[in-house]
Amino acid sequence: MSDKPRLSVPLSTGLKGVAAISKFKGLINHSTSLSSLSNLDEVKDERIAIQNLLRIEDLETLRLEGFAGNQVLNKEQFIEFLREKIPRGSVKDYDELFESVDVTKEGYISWDKLAEYTMLKLADNDDRQKATSIPNWKGGKSLINAHRDSIKRILHMDSFGRYVSMSKEGTVCIYNDELQLYKTFKTTTESCKLRDLWVTDFVFMPNNNKIAISYTSKEIIIYDMTSKLELNLSYRIVGMISTPYCLDYWSDTENPNDAILSWGDVQGNVHAIFFNSALIALIERPAQQTNDAEYTKVRLEDIANGNYKNASYLTYNAHTEWTRKVKYADQLECFISCSTSTGRALAFGWMEKAGSTVRNNDIVRDRSNYSIRNRKLREQISTVSIDQGVNSFDYSQHFKLIATAGANNEVRLWNPFVLSKPNGILRGHMRSVLFVQFIHSRAQILSFSKDKILRIWDVQLQICLQRISNVFPRGPEGKIKRKKGFI
C-alpha cells in the first residue's frame, strides 16, 4: 500500500463513502451488461461488464480495506488486491479497469476516482437501456363514452385531475384519471340547429380554466370550466371569414396574463389573438353591454381594429390547402403550421424578438407590477416543401427538433433554423402518417399511420424500435363529406 496523500478529485457525482454504495445499488439493479448493447462483432472482444466484475459487496470491501485511510493504489497494488479478495475477473479485466479509471495517467487511483468512474459508467448503461428498451404494452380496453361521431381530441386538465374528450356532434365526456366516465353533456351554439352542429377542434386553457371550441358556423366559443366540471358560456368570437379547423393555446408560465389563442382555417390562413390580461378578463366587456349579459359577444373585426385594450389580432396566409395544425413555439418565437400542400407543407410565422415590454395602466387599474409584451409579425414567412404535404407535426424544445407526419409515409426530423433539408428521415410506414409525438423522457418518437400501425423510434439513432399492429379497433373509413357552406 502507498502512503501518498489521497488525490483531491472534484466529483461530478458528489459521492463519498456509503452514499456512493447506495447509488451503485440503484444503478446496478437497472443496468444490463455491456454485451447486451453491443453488436455481434463487438461481443467477441467484450470483457466482463463492470456491474458483473464489481458487485455491491466488492465495492464495500474496496472502500473499507483497499482504500482504507484515504490511501491510493497503483496498478500492481490494485490488481493484486482484486485478485486476492475478488477472484472473479482476469488480470486483463482488472488492468483495463485501472486504465479506464486512471484517465490522467498518473499511475495511481483513489476511491473517489473509482467511485466517479463506476457511477458514470453505470449511469451511461442505464441511459442506453432506457433509450433502446422496448415498452411492454398491456392489453387495450374500450372506454365507456357517449360519443356518436368522430372524436376530435382528448386532453388532460391538470388543474382538475380529469380527462376531457369532445366529438364532432358536440358531445363532451369527462373521465377520471383511471379513464372511467365521470359525466357527459353536449355543447350548443345559437348560430345553427343541433342537428347541424359540427365541432372542428377544442383546447383547454389551463391558466384560467377555460375551454375554447371551434365550430363550422365560423365562430369560436370560450367556456368557463366550473369546479363542478360544467361549461358556462363566456365569450363568442364571431365574424370569421373562413371556418376555423384547428386550435392551439399558449400562456406564459412566468406571467399567466400573457396568452395566445391561435387557429388555422380551411383557406390555409393562420390567426392569433394575443391576450394581455388573461387572468383578469380575456376580452373586456363593451361599455354598451350590461353586466347582466350572459356572455360577451366579440366581433373579430373589432379586435383587429384595436377596439379592445386587452386583446390584439394578427393573421397571415401560410398554405394553399387547409391548415391541419398550428402551434405557437415560445422558445422559437414563431407560429408553426402544416398542411397537405406540397409547396407549403410546413410554414413558420416568425415574431419580432420578444418585442417591447410596456405597462398598460388602462387595463391594470389598481393592480401593480403588471406589464405586457407588444408583438409584431415579421414580413417574411418561412416555408418547407414536402412531397404530398404534412398531416401533423410535433415540436420538441428539449431536442430542438420538429417531427413531421408526412402524407408520403415518412416521418421527417427538422432543425427549425436549418430548413433546407431534414436532419433525418424515418422510413417504415406503408401508408400516410397521421400523427407524431415526442416522448422526451425516453428520447423516442411515436408515429401512427392510416393503416393503424404504431411505430416507436429512437430520436438519436433514428431507428425503429417497435412496430405495433392489429391492436387498434377499426373505425369508419372513407372520405369526410363536407357540409354545405363549410368554407
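Right above here is the structure, for reference.
Residues numbered from 1 in each chain as written. Predicted model: local features only at pLDDT ≥ 70, side-chain atom pairs only at ≥ 80, totals over all residues. Heavy atoms only, no water.

Draft legend 1. Fine view of the pattern of salt bridges. One pass over the structure, following the stated rule, counts 12 salt bridges. Here Glu190 ties to Arg236 by a salt bridge, and the two come within 2.9 Å at their closest N and O atoms. You can see Glu190 sitting in the loop between strand S6 (181-186) and strand S7 (199-205) and its partner Arg236 sitting in strand S10 (residues 231-238), a full 46 residues away along the chain. Residue Glu190 is classed as exposed on the basis of its relative accessible area, which comes to 59%. Given a relative accessible area of 3%, Arg236 falls into the buried group. Connected through salt bridges with shared partners, the residues Lys75, Asp95, Glu99 and Lys105 form a single ionic network. (Salt bridge = Lys/Arg side-chain N within 4 Å of Asp/Glu carboxyl O. Helix = DSSP H or I, 4+ residues; strand = E, 2+ residues; numbered from the N terminus. Buried < 20%, exposed > 50% of the residue type's maximum accessible area, 1.4 Å probe, protein only.)

Draft legend 2. The sheet that holds strand S13 (residues 269-275), seen in detail. A sheet is described by the order of its strands in space; here 4 strands give the open sequence S11-S12-S13-S15, paired in antiparallel fashion. The open sheet terminates on both sides in strands that have one partner only, identified here as strand S11 (244-251) and strand S15 (311-317). In this sheet, neighbouring strand axes are inclined to one another by 15° on average, regardless of whether the strands run parallel or antiparallel. As defined by bridge partners, S13 adjoins S15 across 7 bridges and the pair is classed as antiparallel. When the bridges of S15 are listed, Phe274 appears paired with Ser312. (Pairing = 2+ DSSP bridges. Axes fitted to C-alpha atoms, helices over the stretch in contact; angles between N-to-C directions.)

Draft legend 3. Seen up close, the pairing of S10. Counting buried positions over the 8 residues of S10 gives 6, a clear majority of the element. Between the end of strand S9 (residues 219-225) and the start of S10, which pair antiparallel, lie 5 residues, with Leu229 showing a positive phi angle near 60°. Here S10 pairs with strand S14 (residues 296-299) via 4 bridges, running parallel. Bridge pairing in S14 places Tyr235 opposite Thr296.

Draft legend 4. Quick peek at the packing of aromatic side chains. Inspection of the entire model under this criterion finds 11 aromatic pairs. Measuring from centroid to centroid gives 6.4 Å for Phe160 and Phe204, while their planes differ by 65°, and the two rings are edge-to-face. Highlighted residues: Phe160 in the loop between strand S3 (151-157) and strand S4 (162-167) and Phe204 in strand S7, separated in sequence by 44 residues. When its relative accessible area of 9% is taken as the criterion, Phe204 is described as buried. Ring pairs connect the aromatic residues Trp250, Phe274, Tyr328 and Phe335, which therefore count as one cluster. Its guanidinium or amino end placed over the ring of Phe393, Lys325 lies 5.1 Å from that ring's centre, counting from NZ or CZ. (Phe/Tyr/Trp six-rings, centres within 6.5 Å; stacked < 30°, edge-to-face > 60°. Lys NZ or Arg CZ within 6 Å of the ring centre and 35° of its normal.)

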